[in-house]
Amino acid sequence: MATVEVNRVSKSFAGRQVLADLSLTMGEGELVCLLGPSGCGKTTLLRIIAGFIPPESGRVLVAGKDVTALSPSARRMGMVFQAYSLFPNMTALDNVRFGPRVAGRPKSEQIARAGQLLDLVGLSEHADKYPHQLSGGQQQRVALARALAVQPQVLLLDEPLSALDAKVRVQLREEIRRIQRETGVTTVLVTHDQEEALSISDRVAVMNEGRLLQVASPSTIYREPSCGFVARFIGSGAVLRGVAEGHSVRVANLALPASAAAAHVHGAAVEMFIRPENVRLQPMNGQLPPGAVGVEVRERTFLGSLTRIRLTLPGTDDQFSLWADLASEQAEAFIPGSRVVAQWDEAAPRVMPDADAGLRNG
Amino acid sequence: MKAPVAWLFIGAFLAVCATFLVAPTAMLAIQAVTGEDGFTLAYIETLGQYRYRVAFEHSLYLSLASATAGVVAGGLVAFAVLKPGAPAWLRSLVTSFSAVAANFAGVPLAFAFISTLGTLGLLTMLLKRIGLDLYDMGFSLFSITGLTLTYSYFQIPLMVIIITPAIAALRPSWREAAEILGATPGQYWRHVGLPVLAPSLIAAWILLFGNAFSAYATAYALTSGNIGLVTTEISAVLSGNVAADPQIGAALSVGMIVVMVTVLAISTAMTRRASRWTARS
């Protein structure tokens, strides 16, 4: 177990800045997810931590020791790659004992250690199989065991589940979490899958365009996104641009209730973010109740037990949409094209300055 | 493709094989053991004569040496070109040159080498001027060593062409995984890179061996038949330069087939062993 500190790291490729003065600290035994869209720099950051790419500036410290100049083999880290990284000419057992073997450990120790780890990942009975005889999920389990065989200070996981089908992905991510807890190894997981990040991380670091936008627990990231990008990227919801006016946000000619707007200067450009589960709908019967907004139902998307309804604000030429998640039986009453009443708790929307994402390390 | 259509093509292929491979081989074998009075082993026994034994030794040595030189040098060139960080233009340059050089054989190649490394060749004379007389030092282009050097000119590029896809198929994540697990580059190649490449290297070696073993024009043009190879000996007995004796030619051809089949059998066994991890369960 060790802390990992990424200190003001920058990196460019062919004149394009991929990481910009990025800092991040991971505690002992913590599982941190680097989450962001493709090309945001998360894999580059992981590879800098691993030592495969040197940073242009900044340092990487593991357990307080500067490892920036060390080769990957000298960093005592384990890594699981996206897929197909098992040595194809070795059995599962030989793959797992590769690290102890090249370190010159006695053969009996190599085999005992590999056996324990295959047991840990539930693949003891597949020890003599070659990678092509294993399923994708089994191969990634072996890769995990192989990474742990060197007793790493830090475990790096580079989108280890991306090549697997949905069911196996869910099983394996739970298993990764269990094993990470059992071994207590500090772990950095790169993913672009928000569900994966939210479900297994202690903290999630959301990245975009080479910058860290927010680092926080999954629930904080979900409930209190620091900026419009994080709000849009995590979960789903509507981001409406407008101006703060007391306890509401004026969008087009409508005053939408949002008590958080009071924290902003009157007239300041803001983004109001509201999640679908916060929006309630009822049929339009006469006058609008106080704090309610008349909206038009545009489309319904059946999601199983829930149905997501897209609503548009009147007089905005379809520019501003809201979403509401309703129980599917309840949603049948709201027919596309009909006018309905939308309401939410005044405290539910997040209101953020309408500016480019800022850095927040929480 | 529907089964009947597929069988049409397979049938055509088998017919071509039977006509141009199996039938001539069978005829050669029959011819090699048939004399004026019927069955005889006399022609096969002539293969034990000094002249033909030496021809087989020369051909084997030349094929082994040039195939091995080709595998080692061509493999290293392909690896250097595909190494991470190598410029992309270098790969296309080497590939283009290899495609040309691998097919540059026969009389033009012999002439090019005589012009360069012959007794009055450009390089020979240049080296002589700086006090390095290759021929005084024991080198001769018109020897087995000279032939091996000349054959390497097309063997190395051929190896580059053959092995490049196999080296390119080595996943960078294997090297990175080995590195982060603590392996040195040498350990990576010993435990992962070379074992994964082994079947391709063996197959490439066999192809190069066969290429050299069956070559005729380059050797004949360079040595005018003064260095006996099996191919030049076959030419000699068929053209009547020594004595028109097609049965001996047939016996020599059968000998060549036996050598190639033996080498193929050994390499197949080695390939099977080297690639047991690819066998489907």
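Model, not experiment: these values are computed from the prediction.

Rules of the game
- Residues numbered from 1 in each chain as written.
- Chains lettered and ligands numbered in written order.
- Predicted model: local features only at pLDDT ≥ 70, side-chain atom pairs only at ≥ 80, totals over all residues.
- Heavy atoms only, no water.
- Buried < 20%, exposed > 50% of the residue type's maximum accessible area, 1.4 Å probe, protein only.
- Helix = DSSP H or I, 4+ residues; strand = E, 2+ residues; numbered from the N terminus.
- Pairing = 2+ DSSP bridges.
- Phe/Tyr/Trp six-rings, centres within 6.5 Å; stacked < 30°, edge-to-face > 60°.
- Lys NZ or Arg CZ within 6 Å of the ring centre and 35° of its normal.
- Axes fitted to C-alpha atoms, helices over the stretch in contact; angles between N-to-C directions.
- Left-handed = near helix turned anticlockwise from the far one by under 90°.
- Contact = heavy atoms within 4.5 Å.
- Nonpolar A, V, L, I, M, F, W, Y, C, P; charged D, E, K, R; others polar.
- UniProt positions renumbered as here; feature names shortened; annotations may be inferred.
- Patch = residues over 30% accessible without salt bridge, like charges linked within 9 Å, V, L, I, M, F, W, Y side chains within 5 Å.
- Areas by Shrake-Rupley, 256 points an atom, 1.4 Å probe, with all protein chains shown as cover.
- Salt bridge = Lys/Arg side-chain N within 4 Å of Asp/Glu carboxyl O.
- Buried area = accessible area lost by both parts, 1.4 Å probe.
- Polar contact = N/O pair within 3.5 Å; in protein donor to acceptor, adjacent residues only side chain to side chain.

**Some thoughts on the pairing of strand β19 (residues 339–343) of chain A**
All names here are of chain A.
Line of reasoning, step 1. Where burial is concerned, most of β19 is hidden: four out of the five residues are buried.
Line of reasoning, step 2. Relative to β19, strand β15 (residues 280–283) runs antiparallel, the two being bridged by four bridges. From the neighbouring strand, L281 faces β19, where its bridge partner is A342.
Line of reasoning, step 3. Alignment of strand β16 (residues 293–302) against β19, held across four bridges, turns out to be antiparallel. Residue pairing for β19: V293 is matched across the bridge by A342.

**Some details on the packing of aromatic side chains**
Line of reasoning, step 1. Scanning the entire structure with this criterion turns up twelve aromatic pairs over all chains.
Line of reasoning, step 2. With centroids separated by 5.5 Å and ring planes inclined at 10°, the aromatic side chains of F229 of chain A and F233 of chain A adopt a geometry described as stacked. Of this pair, F229 of chain A and F233 of chain A are both found in helix α9 (residues 228–233), four residues apart, which corresponds to roughly one turn of the helix.
Line of reasoning, step 3. An aromatic cluster is present here, built from F79, Y188 and W189 of chain B joined pairwise through their rings.
Line of reasoning, step 4. Of note, R146 of chain A hangs over the ring of F87 of chain A, and the distance from its end group to the ring centre comes to 4.5 Å.

**With respect to the packing of helix α3 (residues 50–82) of chain B against helix α12 (residues 246–274) of chain B**
All names here are of chain B.
Line of reasoning, step 1. Between α3 and α12, whose axes approach to 12 Å, the crossing angle comes to 35°. At the point where α3 passes α12, the crossing takes the right-handed sense. From α3, Y52, F56 and L60 reach across to α12, where they touch I248, L252, G255, M256 and V259.
Line of reasoning, step 2. Looking at side-chain class alone, the contact of α3 with α12 contains seven nonpolar, one polar and no charged residues.

**So, the sheet that holds β19 of chain A**
All names here are of chain A.
Line of reasoning, step 1. Read across the open sheet, the five strands follow the order β15-β19-β16-β17-β18; overall the sheet is antiparallel. Two strands in the sheet have a free side with no partner beyond their single neighbour: β15 and β18 (321–327). The sheet shows a mean angle of 45° between the axes of neighbouring strands, taken without regard to direction.

**Re the sheet that holds strand β4 (residues 57–62) of chain A**
Residue and element names in this part refer to chain A.
Line of reasoning, step 1. Spatial ordering of the open sheet is given by β2-β1-β4-β5, a layout of four strands whose pairing is antiparallel. A single partner strand is all that each edge strand has here, and the edge strands are β2 (16–26) and β5 (65–66).
Line of reasoning, step 2. Sheet strands touched by helix α1 (residues 42–50): β1 (4–13), β2 and β4. Its angle to β1, the strand with the most contacts, is close to 120°.

**A closer look at the UniProt feature "transmembrane region" (unreviewed entry) in chain B**
All names here are of chain B.
Line of reasoning, step 1. Within the UniProt annotation, "transmembrane region" (unreviewed entry) is assigned to residues 59–81, 110–127, 139–168, 188–210, 217–238 and 250–271.
Line of reasoning, step 2. In residues 217–238, the share of helix is 73% and the share of strand is 0%. The end C-alpha atoms are 15 Å apart.
Line of reasoning, step 3. As annotated, residues 250–271 has a helix share of 100% and a strand share of 0%, and its two end C-alpha atoms lie 31 Å apart.

**Concerning a nonpolar patch on the surface**
Residue and element names in this part refer to chain B.
Line of reasoning, step 1. Residues W7, I10, F13 and L14 make up a contiguous nonpolar surface patch of about 470 Å² in total accessible area.
Line of reasoning, step 2. By the secondary structure assignment, F13 is in helix α1 (residues 3–32).
Line of reasoning, step 3. For F13, a relative accessible area of 53% translates into the label exposed.

**Quick notes on the interface of chain B and chain A**
Line of reasoning, step 1. Contacts between the two partners involve 22 residues from chain B and, on the opposite side, 25 residues from chain A.
Line of reasoning, step 2. Summed over both sides, the interface between chain B and chain A buries roughly 2200 Å², with carbon and sulfur atoms accounting for 65% of that surface.
Line of reasoning, step 3. Connecting chain B to chain A are one salt bridge.
Line of reasoning, step 4. Our count for the chain B to chain A interface comes out at five residue pairs in polar contact (both at pLDDT 80 or more).
Line of reasoning, step 5. Mapped by element, the contributors of at least two residues to the side of chain B that touches chain A are α8 (172–180) and α9 (185–213) of chain B.

**Topic: the UniProt feature "domain: ABC transporter" (unreviewed entry) in chain A**
Line of reasoning, step 1. In the UniProt entry, the feature "domain: ABC transporter" (unreviewed entry) is given for residues 4–234 of chain A.
Line of reasoning, step 2. The span residues 4–234 of chain A shows a helical share of 36% and a strand share of 26%, and its end C-alpha atoms are spaced 25 Å apart.

**Looking at the pattern of salt bridges**
Residue and element names in this part refer to chain A.
Line of reasoning, step 1. This model, assessed by the stated rule, comprises 20 salt bridges over all chains.
Line of reasoning, step 2. Note that E271 and R241 form a salt bridge whose closest N and O atoms lie 3.0 Å from each other. With E271 in strand β14 (residues 269–274) and R241 in strand β11 (residues 238–245), this residue pair connects regions lying 30 residues apart in the sequence.
Line of reasoning, step 3. Classification of E271 by relative accessible area gives buried; the value is 2%.
Line of reasoning, step 4. Close ionic contact of R280 with D345 constitutes a salt bridge, the shortest N to O distance being 3.4 Å. One end of the pair, R280, is in strand β15; the other, D345, is in the loop between β19 and β20 (350–353), and 65 residues separate them in sequence.
Line of reasoning, step 5. Residue R280 is classed as partly exposed on the basis of its relative accessible area, which comes to 41%.
Line of reasoning, step 6. Take D345: its relative accessible area is 48%, and that puts it in the partly exposed class.

**Description of α8 of chain B**
Line of reasoning, step 1. The set of residues buried in α8 of chain B consists of S173, W174, E176, A177, A178 and I180 of chain B.
Line of reasoning, step 2. Looking one or two residues past α8 of chain B, G182 of chain B carries a phi angle of roughly 105°, positive in sign.

**What to know about the side chain of R203 of chain A**
Line of reasoning, step 1. Along the chain, the position of R203 of chain A falls in strand β9 (residues 203–208).
Line of reasoning, step 2. At 2.5 Å, the side chain of R203 of chain A forms a polar contact with the backbone oxygen of T25 of chain A.

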